Amino acid sequence: EKIGFKRICADVGAPTPAFVVLSEEDTFVDLTNPKAKEACVQGFMKAVADMKSNNPGLIKSIHGGGGKGTAHLDDPSCPEQTRAAVEKVLVEMNRSDGIYFEQKVNTKGDGRFYQLELEVDGHEVAQGGRFVWFNSRLQKVVEIGLSDDLVGMFMPKDLYMNSRKWAADIAIKGGNNTRATMEGLVFKNEKGEFELQFIECNRRPQVENEALALLQRDAKGNRRYTFAELIMRASGVPAPVFADSTDAKVVLHARWLHGNPDSNGNIAYQAGDILGMSGPRLDYVPAELMAPGEISFTSDPQLGKAVIIADSWDAMCDRASEYFRLRKPKIIGSSSTYAQTMYNLFTSKDFREGKTASNETFKKLDIPTYPERGIMNILQDQIAPTMVKGYRKGEGIDADRFPTPRVVKAMTDLHHALAQEPPRTTPFTAFARGTATYEDYIGALREQLGRQGGGWVTVAPRDTSQQGNDSESASISEISRKNVEVWGEK
């Protein structure tokens, strides 16, 4: 799929970056043996050094994918950099077979490129081209399928038609009998001329297959299901005749991640538990997925996807920005700036004009410094800690069954304190005994209300009554009443 693919490219005359095979597909080394592993690393380093080149490239494994099994090597003539790149790939893949060095494209130009993906069904090239944008670890973030008449936004039409012919020639030469995806890089060289270089082929449907599948309909108007077509091809059933979709000329496949991107393309992933999605349903989203459960840092960081259809590039950008503004994953844990960053991407002038290259997705964006705060964040960060810990230390939720030891101790202490402070004689006591007039009692009461703002008379009796009607407070209603009376006298 990778080394073999590049050899087929050379056979049919399809352009592909210069490469050197470090280990064939059937070369295995016991990496648990330190001596054998070191000998393997030394052998790979020697093969790279023998190229006598300082052109930057990548150390890649044919078994890798999604950024895994690929390491940047900016200077192949530097032994330290070579060792680091080789060891990274060996550690990530835990196998030594099928490893090669591939030179980066456009190293003499500005270094920018667009990644084009073409799907072939057997020997037939599917309608449209899919362009990919990714982060610094070469993990795909956004994939956008364009109908044939819109691909010219990123490459000349004649080069696009040549790429489709090369893809068909490669499929025929390789005897392809499945739904394969061929990847190429489109760029302007140092002379200002457009080039395309094929880099690899995946002989399996891609996760982002819908970005091309939804551009087609069969004779009955049904959308193309790539995985179903794959099974049909494997069983020998020929491919049906597909026509252009009537409701989609641009299809976005966006990946949901939970992290904080920076302008260098790095994403600091955040921990949490996924509950699902929040926000209104949108008619232009034919497919959406968000896997519930704990976020894993050891597996694929992709949490879900969203597929958005539109009839133009601008309409797709408008709908994507609306989607990332309204729809968000519900996560118990740290917040992230990913959704806001994606909104900024689809509203940015450069991206909407097609000027953001695949390898500079976040480079020119306005990256949010802090994540947005919603009701979930306030409940989690402010309300929940107050409920658990209380306003003052030790006054939060008591996990024991009522009456808890803490409540019993507090009541005992209160009984002891109140026993030392019997209620004092009040103007009402004198009035009840006939030793004071009613005017004296009312005057004293008004003075008390003036000092306390009416709070004790209007609030405390009500709260005490409510506690008495509460099953958990019934046992302390009497002492609560006494406590209120003693406090009110003061």
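These numbers come from a predicted model, not from an experiment. (Residues numbered from 1 in each chain as written. Predicted model: local features only at pLDDT ≥ 70, side-chain atom pairs only at ≥ 80, totals over all residues. Heavy atoms only, no water.)

K.L.:
What is the right way to look at the packing of helix α7 (residues 313-326) against helix α8 (residues 338-347) in this model?
P.N.:
Each pair of packed helices gets described by two things: the angle between the helix axes and the distance between those axes. Between α7 and α8, the least distance of the axes is 8 Å, while the angle of their chain directions is 160 degrees. Judged by the inter-axis angle, α7 sits roughly antiparallel to α8. As for the relative orientation of α7 and α8, their crossing is left-handed in sense. Facing Met316, Cys317, Ala320, Ser321, Phe324 and Arg325 of α7, the residues of α8 in contact are Ala339, Met342, Tyr343, Phe346 and Thr347. Of the residues assigned to the contact of α7 with α8, the class counts are 8 nonpolar, 2 polar and 1 charged. (Axes fitted to C-alpha atoms, helices over the stretch in contact; angles between N-to-C directions. Helix = DSSP H or I, 4+ residues; strand = E, 2+ residues; numbered from the N terminus. Parallel < 35°, antiparallel > 145°, perpendicular 65-115°, else oblique. Left-handed = near helix turned anticlockwise from the far one by under 90°. Contact = heavy atoms within 4.5 Å. Nonpolar A, V, L, I, M, F, W, Y, C, P; charged D, E, K, R; others polar.)

K.L.:
Can you help me understand the pattern of salt bridges in this one?
P.N.:
Once their charged atoms are close, side chains differing in charge can pair, the charge on each being opposite to the other. Taken as a whole and assessed by the stated rule, the structure comprises 35 salt bridges. Between Glu24 and Arg7 there is a salt bridge, with its nearest N and O atoms 2.9 Å apart. Within this pair, whereas Glu24 is found in the loop between β1 (19-23) and α2 (34-49), its partner Arg7 is found in helix α1 (residues 3-12), the two being separated by 17 residues in sequence. Since its relative accessible area comes to 32%, Glu24 is described here as partly exposed. With a closest N to O distance of 3.5 Å, Asp74 and Lys104 form a salt bridge. Of this pair, Asp74 sits in the loop between β3 (68-73) and α3 (79-93) while Lys104 sits in the loop between β4 (99-103) and β5 (114-121), placing them 30 residues apart in sequence. Each of the salt bridges in this network shares a partner with another, and the network as a whole consists of Glu117, Glu119, Asp121, Arg130, Lys140, Glu143, Arg179, Glu183, Glu208, Arg224 and Arg255. (Salt bridge = Lys/Arg side-chain N within 4 Å of Asp/Glu carboxyl O. Buried < 20%, exposed > 50% of the residue type's maximum accessible area, 1.4 Å probe, protein only.)

K.L.:
Honestly, the sheet that holds β4 in this entry has me stumped. Any pointers?
P.N.:
Pairing between sheet strands relies on hydrogen bonds along the backbone, with the strands arranged either parallel or antiparallel. Strand order in the open sheet made by the 4 strands is β1-β4-β2-β3, with antiparallel pairing throughout. Strands with a single pairing partner mark the edges of an open sheet, and in this sheet they are β1 and β3. Taking the axes of each pair of neighbouring strands and ignoring which way they run, one obtains an average angle of 20 degrees across the sheet. Sheet topology note: the strand β2 (residues 57-65)/β3 ladder contains 5 bridges and is antiparallel. Counterpart to Gly65 in the pairing with β3 is Lys68. Strands in contact with α1 are β1, β2 and β4; relative to β1, the strand with the most contacts, it is inclined by about 145 degrees. (Pairing = 2+ DSSP bridges.)

K.L.:
Explain the side chain of Thr356 to me, please; I cannot follow it from the model alone.
P.N.:
Mapped onto the secondary structure, Thr356 falls in the loop between α9 (349-352) and α10 (375-389). At 3.3 Å, the side chain of Thr356 and the backbone nitrogen of Phe351 are in polar contact. (Polar contact = N/O pair within 3.5 Å; in protein donor to acceptor, adjacent residues only side chain to side chain.)

K.L.:
Which parts of the structure should I look at to understand the packing of α1 against helix α4 (residues 157-173)?
P.N.:
α4 packs onto α1 with a crossing angle of 110 degrees between their chain directions and a minimal axis gap of 10 Å. By the angle between their axes, α1 is roughly perpendicular relative to α4. For α1 against α4, the interelement crossing comes out right-handed. Packed against α1, whose contacting residues are Phe5, Ile8, Cys9, Asp11 and Val12, the element α4 presents Asp169, Ile170 and Lys173 at the interface. When the residues that make up the contact of α1 with α4 are grouped by side-chain class, the tally is 5 nonpolar, no polar and 3 charged.

K.L.:
I tried to follow α7 on my own but got confused; where do I start?
P.N.:
In this model, α7 (14 residues) spans 20 Å end to end at C-alpha, consistent with the 20 Å of a helix rising 1.5 Å per residue. Among the residues of α7, those classed as buried are Trp313, Ala315, Met316, Cys317, Ala320, Ser321, Tyr323 and Phe324. Near the N-terminus of α7, the side chain that reaches the backbone nitrogen of Ala315, with its oxygen 3.2 Å away, is that of Ser312. (Expected span 1.5 Å × (residues − 1).)

K.L.:
Is there a simple way to explain the environment of Gln139 in this structure?
P.N.:
Summarising the element assignment, Gln139 is placed in the loop between β7 (129-134) and β8 (140-146). Note: C-alpha distance between Gln139 and Gly67 (72 residues apart in sequence) is 4.8 Å.

K.L.:
Can you help me understand the confidence of the model for the protein chain in this one?
P.N.:
Reading predicted coordinates in detail is not appropriate for stretches of low pLDDT. Averaged over all residues, the pLDDT of the protein chain equals 85, while 89% of them reach at least 70. Within the protein chain, the lowest mean pLDDT, 58, falls on helix α14 (residues 455-469), and the highest, 96, falls on α7. (pLDDT = per-residue confidence, 0-100.)

K.L.:
I keep staring at α3 and nothing clicks. Help me out?
P.N.:
Since there are 3.6 residues in each turn of an α-helix, residues three or four apart along the chain are aligned in direction. Spanning 15 residues, α3 covers 21 Å between terminal C-alpha atoms, matching the ideal 21 Å at 1.5 Å per step. Taken together, the buried positions of α3 are occupied by Thr82, Ala85, Val86, Val89, Leu90 and Met93. Projected down its long axis, α3 shows its buried positions confined to an angular sector of 130 degrees, all on one face. Away from its buried face by more than 90 degrees, α3 exposes Glu80 and Val91. Tucked into the core, α3 has its buried residues touching α2, β2, β3 and β4. Following α3 by one or two positions, Asn94 adopts a phi angle in the positive range, close to 55 degrees. (Arc of directions from axis to C-beta.)

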